[in-house]
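Residue-level listing of the chains:
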Amino acid sequence: GQPMLRVEDLAVRYVTPTGTIDALKGVSFELGREKLGIVGESGSGKSTLGRALLKLIPSSARITAKRLEFMGRDLRGLSEAEMRLVRGRQISMILQDPKFSLNPIMRAGDQILEALTIHGEARGRAGRRRVIDILKAVRIRDPERVYNAYPHELSGGMGQRVMTAMMLVTNPLLLIADEPTSALDVTVRMQVLAIIDDLVTQRGMGLIFISHDLNLVGSFCDRILIMYGGRVVESCRASELQNCTHPYTRGLLQSLPSIEHPREVLPTLKRDPAWLRGA
Ligand code: ATP
Ligand code: MG
């Protein structure tokens, strides 16, 4: 079918008091209902790319593109008000730092409910039911307790699940997940990842998954973009990762197993994530 997202020659330039930073240059790709991993070292432009797709970058920054289309619609000319309707409802993004994403003085369930009411989807009793349903969908066993909890009362993994629930409750077509790298331990990270992977697959959504970890991304994404210095240096199918020729990609592949993902954990995800689900 038609790709849902079409990006051609995307560039982002940050303007700071001390100079300009070309954080993205000449980025082009298409995305269907598939899982796309974006991998690269710190500062390579991954978060900037995710945010640029939603035009969530500082107003002092400049975004340019020959094409930036979602479901056949040109996002370039949309106003902030129009973009707000795209965000959350059609494209959701889990930000890299969840600390800034959950409101500390609001109950978890009410925050998810707010995501629904902002988009005019459901309120009151029906809204509450949808929140409980989505909490169950992210495998929270005691949704009533989590609904009433404040963010500081939740473990890191639970906080991530609540974030995931909040991002998926409006049934977006595309989820962008900017993975927090150090906040969660390996097992919890893999649990959250398995939940995202399953929901995206069940719902036939598109996923853009941002990570430092090529092996992790290679284990569940369909396709991978390798970024370096604001550019996409290689694009390949995950199944063909071993044939990637760019020296930077080779370097990323050889630096394995990473400390964060010991070898024994990784292959399990693709083969049988069931052991993660029961948790
Ligand atoms: P990490 O893996 O550490 O999250 P990243 O690949 O997500 O890194 P970005 O955050 O996209 O990288 O940053 C790309 C470049 O743009 C870096 O040089 C960064 O310092 C710069 N940058 C990012 N955000 C801003 C901003 N708001 N203002 C100025 N420069 C920025
Ligand atoms: Mg980042």
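Residues numbered from 1 in each chain as written. Chains lettered and ligands numbered in written order. Predicted model: local features only at pLDDT ≥ 70, side-chain atom pairs only at ≥ 80, totals over all residues. Heavy atoms only, no water.

**Structural notes on helix 9 (residues 247–254)**
Here is step 1: Inspection of helix 9 places Tyr 248, Thr 249, Leu 252 and Leu 253 among the buried residues, and these make up the whole buried set. Looking down the long axis of helix 9, one finds its buried residues gathered within 140° of arc, a one-sided arrangement. For helix 9, the exposed residues set more than 90 degrees away from the buried face come down to Pro 247 and Gln 254.
Here is step 2: At its buried positions, helix 9 is contacted by strand 3 (35–40), helix 8 (214–220), strand 10 (223–228) and strand 11 (231–237). (Buried < 20%, exposed > 50% of the residue type's maximum accessible area, 1.4 Å probe, protein only. Helix = DSSP H or I, 4+ residues; strand = E, 2+ residues; numbered from the N terminus. Arc of directions from axis to C-beta. Contact = heavy atoms within 4.5 Å.)

**A closer look at the packing of helix 3 (residues 108–118) against helix 6 (residues 156–168)**
Here is step 1: Where helix 3 meets helix 6, the axes come as close as 8 Å, and the angle between the chain directions of the two elements is 20°. Judged by the inter-axis angle, helix 3 sits roughly parallel to helix 6. Between helix 3 and helix 6 lies a crossing of right-handed hand. Residue-level contacts link Ala 108, Gln 111, Ile 112 and Ala 115 of helix 3 to Val 162, Ala 165 and Met 166 of helix 6. (Axes fitted to C-alpha atoms, helices over the stretch in contact; angles between N-to-C directions. Parallel < 35°, antiparallel > 145°, perpendicular 65-115°, else oblique. Left-handed = near helix turned anticlockwise from the far one by under 90°.)

**Digging into helix 6**
Here is step 1: In a regular helix each residue adds 1.5 Å, so 13 residues correspond to 18 Å; helix 6 covers 18 Å between its end C-alpha atoms and thus fits that length.
Here is step 2: Counting buried positions over the 13 residues of helix 6 gives 12, a clear majority of the element.
Here is step 3: Taken residue by residue, helix 6 has Gly 157, Met 158, Gly 159, Gln 160, Arg 161, Val 162, Met 163, Thr 164, Ala 165, Met 166, Met 167 and Leu 168 as its buried positions.
Here is step 4: Taken together, the buried residues of helix 6 touch strand 7 (91–94), helix 3, helix 4 (124–137), helix 5 (143–148), strand 8 (174–178) and helix 7 (186–203). (Expected span 1.5 Å × (residues − 1).)

**Details of the site of ligand 1**
Here is step 1: Neighbouring ligand 1 are 15 residues, the closest being Ser 42, Gly 43, Lys 46, Thr 48 and His 212.
Here is step 2: In the model, an oxygen atom of ligand 1 is placed 2.7 Å from a nitrogen or oxygen of the Lys 46 side chain.
Here is step 3: In this structure, an oxygen atom belonging to ligand 1 sits 2.8 Å away from a side-chain N or O atom of His 212.
Here is step 4: When isolated, ligand 1 has an accessible area of 640 Å², and the protein chains bury 67% of it.
Here is step 5: Residue assignment for the shell around ligand 1 shows that the elements contributing at least two residues are strand 1 (5–16), strand 2 (19–31) and helix 1 (46–53).
Here is step 6: With 3 residues, the single largest contributor to the shell around ligand 1 is helix 1. (Near = heavy atom within 4 Å. Polar contact = N/O pair within 3.5 Å; in protein donor to acceptor, adjacent residues only side chain to side chain. Areas by Shrake-Rupley, 256 points an atom, 1.4 Å probe, with all protein chains shown as cover.)

**Quick notes on the sheet that holds strand 10**
Here is step 1: Taken together, 6 strands build an open sheet; the order of strands is 7-8-9-3-10-11 and the sheet is mixed. Two strands in the sheet have a free side with no partner beyond their single neighbour: strand 7 and strand 11. Direction aside, neighbouring strands of the sheet carry axes that sit 15° apart on average.
Here is step 2: In the packing of helix 7 onto the sheet, contacts are made with strand 3, strand 7, strand 8 and strand 9 (206–211), and the angle to strand 9 comes to roughly 160°. (Pairing = 2+ DSSP bridges.)

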